[in-house]
Amino acid sequence: WRLPNVNELSSLLSRETSSPALPTGHPFTDTGIASFWTSTTFAPDNTQAWFVSLTEGRIYNAQKATVTLAVWCVRN
């Protein structure tokens, strides 16, 4: 198991929906309205990483050490 990178996780997003921003009929339910860490470091500042917000269907960056978010692990 591993954390998906920002491209993998953001590929699940739907621009037509929000809260959660997942396509209709998406197989994963009960994800809640959450934000999920990715394994991708924010290039300008390696103390930060990208995360995906299912509330807005957008990606953001935040401090790795001080921000608590959920994780959505994937298998290779």
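Residues numbered from 1 in each chain as written. Predicted model: local features only at pLDDT ≥ 70, side-chain atom pairs only at ≥ 80, totals over all residues. Heavy atoms only, no water.

### With respect to the pairing of strand E2 (residues 48–53)
The two faces of the sheet receive side chains in turn, since in a regular strand these alternate between them.
Phase 1: Most of E2 sits inside the fold, with 5 of its 6 residues counted as buried.
Phase 2: Pairing of E2 with strand E3 (residues 58–63), which is carried by 6 bridges, proceeds in the antiparallel orientation. Within E3, the residue paired with Val52 across the bridge is Ile59. (Buried < 20%, exposed > 50% of the residue type's maximum accessible area, 1.4 Å probe, protein only. Helix = DSSP H or I, 4+ residues; strand = E, 2+ residues; numbered from the N terminus. Pairing = 2+ DSSP bridges.)

### A word on the side chain of Ser14
Phase 1: Positionally, Ser14 belongs in the loop between helix H1 (6–10) and strand E1 (35–41).
Phase 2: With relative accessibility at 7%, the residue Ser14 sits in the buried group.
Phase 3: A distance of 3.2 Å separates a polar atom in the side chain of Ser14 from the backbone nitrogen of Glu16.
Phase 4: When sequence neighbours within four positions are dropped, the list of residues in contact with Ser14 reads Ala21, Leu22 and Pro23. (Polar contact = N/O pair within 3.5 Å; in protein donor to acceptor, adjacent residues only side chain to side chain. Contact = heavy atoms within 4.5 Å.)

### Concerning the packing of aromatic side chains
Phase 1: Evaluation of the coordinates by the stated rule reveals 4 aromatic pairs.
Phase 2: Ring geometry for Phe42 against Trp50: centres 5.0 Å apart, planes inclined by 80°, an arrangement best described as edge-to-face.
Phase 3: The class of Phe42 is buried, set by a relative accessible area of 16%.
Phase 4: In this structure Trp50 comes out as partly exposed when scored by relative accessible area, which is 21%.
Phase 5: Among the aromatic residues, those joined into a ring-pair cluster are Trp37, Phe51 and Tyr60. (Phe/Tyr/Trp six-rings, centres within 6.5 Å; stacked < 30°, edge-to-face > 60°.)

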